Amino acid sequence: MTTIALPTGRSLGDCVEILKGAGLPTENLSNAGRHLVVADGPFRYLLGKPTDIPTLVSQGAADLALVGNDVTDESEVDVTEILDTGRGKCFMAVAGTPETAVRFDGHVTNLMGLRVATKYVRTASRTFEEWGAQIRVLNLNGSVELAPALGLANCIFDIVQTGGTLKANGLVVIRRTAEVSLRLIANRSALQLRWSVLRETVDAIQKFVADATN
Amino acid sequence: MNLTPRGCSSIGGELASCMEKTRDTALAFFASYGYNPFNPAEFQLLEGTMKNLPRKRRDRIIALSTPFGEPCCLRADITISALSYMSTHYAPEDFPLRLCYAERIFSAPTPPKENLEDTQVGVELLGWESPGSDVEVVAMLMRALDRLGLDESVIVLGDASILPQLLTELPADISEKLIEQLQDGAYCDFMQTVRNADAITPESRDILLELPWLKGGPDVLAEAQKIFRSSTLLTPLSTLCGALESLGYGGRVRVDLGFIRDLNYYRGPIFNVYSSNDGDLLGGGGRYDGTLADARFTCQAIGFGLSLRELAIARKPEPETPSVILWPGDIPHERAILFAEELVTAGTSFIISWEPDIEKARKFAHNRPGAWWVNLRDGYSEEIATGERTTDLSHIKELSR
């Protein structure tokens, strides 16, 4: 039996559509209700909080998963990202007030000591480190856009979909740092040991994604 | 209460006992192949370690300073210690050197792992220029796993030299990026880089796009041979696979050509070992010519390290019950010791219960099923499971461990 972990919340609809499009059984998954483990034919689906999905895969509870690469990157766990589904597209960015944006136009020393509000603590630290700037991170798990307005942070580091929430809070995208989308990830051991079993599923998803893109 | 520091754990009970037996069995087996025990220093000089370890592993070393002011780290890698030992104690005419060990290594964990230390059991075959040494070490690994009862274990073979050979035509920055992406399991980024790099010829592009998916049984090599231009690229892996199949391990061999690990360290066949087809990673190894070249030796070397803890867990340790529980009561202590020594000579396992109260002592014994309770004071033995008593104690000395 192949186990696939899926994130609850707004991405689940996309995930079910991908699996259904790839010809995987999804009848029980579509009617999962409050069940977190759903058996559907030769597949078992695990429904979890998006931030838990990479851990479920890296620990071997699931062979495969669909999850945003923002979540996988932040988790820093050891998984293999095998396919970009192209769904749920958004981007990771630094955003702030137009005044803060000016600091990003100059030398990197202008960014030293910047207070950055984010739920992506590791990704933010890593990104600014790559730019050569040491920052202070304020870990917020929701409404990060509030932080600059309240004087808690100079800018935020978050995913941006339409930019509507930023605009409503007087913020602008300062620097786009990474593209984000729903990715198919795999447990490294499962990929090495059971590729002959997983290949059919991965190929089917890959074909559906390619057909949908063209 | 004394707690262990985060990332450390004290192991006892049946797991510790099984680890010890696994260690003894493995080392005795390696010794039968002519591998001599190696006991490396717990500290390594920072300079040599930093120079020889791959970047990602360098970031994880636990550095400190000795009381003599030398910058050091807790032993992060046994191979470096083995190479250092070989280069300072042996001349080239003494090669090859065969070493085996069961030692701790220390490194900062990557999430979600939290352990700072692990005990590894393994071997190093240093300084021998022949594919025969690859076969020797890998075959010995599989035989050792069989000896430990792990006869469903699986070996996954890759070759660290394949990707660099496919990338020779590319600028260094692109080839480094591709290697890192494959090593990190970032297949999406790897594909993107391959598609976008103008310097890659269409023929190489097709091979590189296919490489991560060349996984499966040994038949993958035939599939790969059709795609690769070079006829020699797959020779080391084919030799190894063929040998393992001839030795009866065909069903336990997997090949993964997208398997890349620490490329400035490994330079040929590399491998991971799992407890079963859906089991846990036990460890791995490979050929590491690069490190030897840095140590001014132009010969190959190969080795592996397996986690003693993972090996013991895979062996499913069971609680051990001593065959005999001795209760001396109020007889002189030395008489109990003398009786115990007779059991030692006979090879019978036992523990001594110094509880003065006979009822409490019997209760203690009854919590350990499968054993005999020996009342030395009154001169009888009792089989705990049945309650059957006998005054003839000679049979106790005949109980084997």
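A. Structural detail: the overall build of chain B. Helices and strands together make up the secondary structure of chain B, namely 15 helices and 17 strands. Against the 2.2 N^0.38 benchmark of 21 Å for 401 residues, chain B shows a C-alpha radius of gyration of 27 Å, more extended than a compact globule. By its C-alpha atoms, chain B is 90 × 55 × 45 Å across when sized along the principal axes. Taking as baseline every contact in chain B between residues at least 6 positions apart, the subset at least 24 positions apart corresponds to 65%.

B. Region of the structure containing the side chain of Ser381(B). Residues and elements named next belong to chain B. Mapping Ser381 onto the fold places it in strand β16 (residues 380-383). A relative accessible area of 0% places Ser381 in the buried class. At 3.1 Å, the side chain of Ser381 and the side chain of His395 are in polar contact. What Ser381 contacts, discounting residues up to four positions off in sequence, is Trp372, Trp373, Val374, Glu388, Arg389, Thr390, Asp392, Leu393, His395 and Ile396.

C. Molecular detail of the environment of Glu81(A). Examined against the element boundaries, Glu81(A) turns out to sit in strand β5 (residues 79-84). Expressed as a C-alpha distance, the spacing of Glu81(A) and Lys167(A), which sit 86 residues apart in the sequence, is 33 Å. Those residues in contact with Glu81(A) that sit more than four places away from it in its chain are Asn69(A), Arg183(A), Leu184(A), Ile185(A), Gly185(B), Ala186(B), Tyr187(B) and Cys188(B).

D. Just the sheet that holds strand β6 (residues 90-96) of chain A, in detail. All names here are of chain A. Spatially, five strands are ordered β8-β7-β9-β6-β10 in an open sheet, and the strand pairing comes out mixed. With one partner strand each, in any of the chains shown, β8 (136-139) and β10 (172-180) form the two edges of the open sheet. Sheet twist, expressed as the mean angle between neighbouring strand axes with direction ignored, is 25°. Where β6 meets β10, seven bridges bridge the pair, whose relative direction is antiparallel. The residue bridging Ala93 from the neighbouring strand is Arg176, located in β10. With respect to the sheet, helix α5 (residues 98-105) is in contact with β6, β9 (155-160) and β10, its orientation differing from that of β10 by roughly 65°.

E. Spatial organisation of the packing of aromatic side chains. Residue and element names in this part refer to chain B. Taken as a whole, this structure holds twelve aromatic pairs over all chains when the rule is applied. Their ring planes at 55° and their centres at 5.3 Å tell us that Phe29 and Tyr33 sit as a pair that is tilted. Judged by relative accessible area, which is 6%, Phe29 ranks as buried. Note on Tyr33: relative accessible area 36%, which makes it partly exposed. Ring geometry for Tyr187 versus Trp213: centroids 5.4 Å apart, planes at 85°, classification edge-to-face. One end of the pair, Tyr187, is in helix α8 (residues 187-196); the other, Trp213, is in the loop between α9 (202-210) and β8 (215-216), and 26 residues separate them in sequence. For Tyr187, a relative accessible area of 3% corresponds to the buried category.

F. Expanded view of the packing of helix α5 (residues 131-147) of chain B against helix α11 (residues 235-246) of chain B. Residues and elements named next belong to chain B. Their axes nearest at 10 Å, the elements α5 and α11 cross at an angle of 40°. Regarding the angle of α5 to α11, the classification is oblique. Viewed along their axes, α5 and α11 form a crossing whose handedness is right-handed. Each of Asp134, Val135, Val138, Ala139 and Met142 in α5 lies in contact with α11, whose residues at this interface are Leu240, Ala243 and Leu244. Split by residue class, the contact of α5 with α11 holds seven nonpolar, no polar and one charged.

G. A look at the state of the cysteines. Within the structure shown, the criterion is met by zero disulfides over all chains. No disulfide involves Cys72(B); its sulfur sits 7.1 Å from the nearest other cysteine sulfur, which is in Cys73(B). With no disulfide partner, Cys188(B) has as its closest neighbouring cysteine sulfur the one in Cys15(A), 14 Å distant. Cys188(B) gets classed as buried once you look at its relative accessible area, which sits at 9%.

H. Local environment of the interface of chain B and chain A. Between chain B and chain A, the residue contacts involve 24 residues of the former and 22 residues of the latter. Both faces combined, the contact of chain B with chain A buries some 1,800 Å², and carbon together with sulfur accounts for 53% of it. Connecting chain B to chain A are zero salt bridges. At the junction of chain B with chain A, the criterion picks out eleven residue pairs in polar contact (both at pLDDT 80 or more). The element best represented in the side of chain B that touches chain A is α8(B), accounting for three residues.

I. The layout of surface pockets, seen in detail. All names here are of chain A. Roughly 1,200 Å³ of volume is contained in the second largest pocket. For the lining of the second largest pocket, the elements supplying multiple residues, two or more each, are β4 (64-68), α4 (69-75), α6 (121-131), β9 and α8 (164-168). Each residue belonging to the lining of the second largest pocket can be placed in one class, and the counts come to 15 nonpolar, 18 polar and nine charged.

J. The pattern of salt bridges, seen in detail. Scanning the model with the defined rule gives 25 salt bridges over all chains in all. With its nearest N and O atoms 3.0 Å apart, the salt bridge here joins Arg176(A) to Glu179(A). With its nearest N and O atoms 2.7 Å apart, the salt bridge here joins Arg362(B) to Glu382(B). Here Glu382(B) lies in strand β16 and Arg362(B) lies in helix α15 (residues 358-366), a separation of 20 residues in the sequence.

K. Seen up close, the nonpolar core. One finds Phe30(B), Phe228(B) and Leu257(B) to be the most contacted residues of the largest nonpolar core, which totals 99 residues. Among the nonpolar cores identified, the runner-up in size contains 18 residues, and Phe38(B), Leu83(B), Ile105(B) and Ala301(B) belong to it.

L. Geometry of the pairing of β8(A). Residues and elements named next belong to chain A. Where strand β7 (residues 115-118) meets β8, four bridges bridge the pair, whose relative direction is parallel. Note that in β8 the partner of Val116 across the bridge is Val137. A crossover links β7 with its parallel partner β8, the connecting element being α6, and its sense is right-handed.

Rules of the game
- For every chain, the first residue of its written sequence is number 1, and the numbers climb from 1 along that sequence.
- All chains are assigned letters beginning at A, and all ligands numbers beginning at 1, according to the order in which they are written.
- Reporting in this predicted model follows two pLDDT cut-offs: at least 70 for local features of residues, and 80 or more for side-chain atom pairs to be given and counted; totals over whole chains, interfaces and linings ignore these cut-offs and use all residues.
- The side-chain numbers reported here are obtained from all heavy atoms of the structure, hydrogens and water having been left aside.
- Segments assigned H or I by DSSP are reported as helices when at least four residues long, segments assigned E as strands when at least two residues long, and all are numbered from the N terminus.
- With the radius of gyration taken over C-alpha atoms, the globule rule is written as 2.2 Å times the number of residues to the power 0.38.
- Here a residue-residue contact requires only that any non-hydrogen atoms of the pair lie within 4.5 Å.
- Only protein chains enter the area calculation, which uses a 1.4 Å probe; residues under 20% of their type maximum are buried, those over 50% are exposed, and those in between are partly exposed.
- Distance and chemistry together define a polar contact, namely a pair of N or O atoms within 3.5 Å, with one atom able to donate a hydrogen and the other to accept it when in protein, and with adjacent residues in sequence counting only for side-chain atoms on both sides.
- Strands are treated as partners if at least two bridges between them are detected by DSSP.
- Lines fitted to C-alpha atoms define the axes here, with helix axes fitted over just the stretch in contact, and angles between the N-to-C directions of these axes take values from 0 to 180 degrees.
- For Phe, Tyr and Trp, rings pair up if their centres lie within 6.5 Å, where Trp contributes its six-membered ring, and each pair is then called stacked (planes under 30 degrees apart), edge-to-face (over 60) or tilted (otherwise).
- Small angles under 35 degrees read as roughly parallel and large ones over 145 as roughly antiparallel, with 65 to 115 read as roughly perpendicular and the rest as oblique.
- Handedness of a crossing is defined here by the sense of rotation of the near helix relative to the far one, left-handed for an anticlockwise turn of less than a right angle and right-handed for a clockwise turn.
- Polarity classes work like this: nonpolar for Ala, Val, Leu, Ile, Met, Phe, Trp, Tyr, Cys and Pro, charged for Asp, Glu, Lys and Arg, and polar for all others, with Gly in that last group.
- In plain terms, two cysteine sulfur atoms within 2.5 Å form what is called a disulfide here.
- Buried area is calculated as the accessible area (1.4 Å probe) missing from two parts once they are joined, with the contributions of both summed.
- Should a side-chain nitrogen of Lys or Arg be within 4 Å of a carboxyl oxygen of Asp or Glu, the pair is scored as a salt bridge.
- A pocket here means an open set of points on a 1 Å grid, computed over the protein atoms alone, that has protein on both sides within 12 Å along at least five of seven lines. A cavity is instead a set of points where a 1.4 Å probe fits but cannot get out; residues with an atom within 4 Å of a point line either one.
- Grid points are joined across faces, edges and corners, and a volume is the space filled by probe spheres set on the points.
- The definition of a nonpolar core used throughout is a set of buried Ala, Val, Leu, Ile, Met, Phe, Trp, Tyr and Cys residues joined through side-chain atoms within 4.5 Å.
- Place the viewer so that the strands point away; then a crossover is right-handed whenever the path from the first strand over the helix to the second strand goes clockwise.

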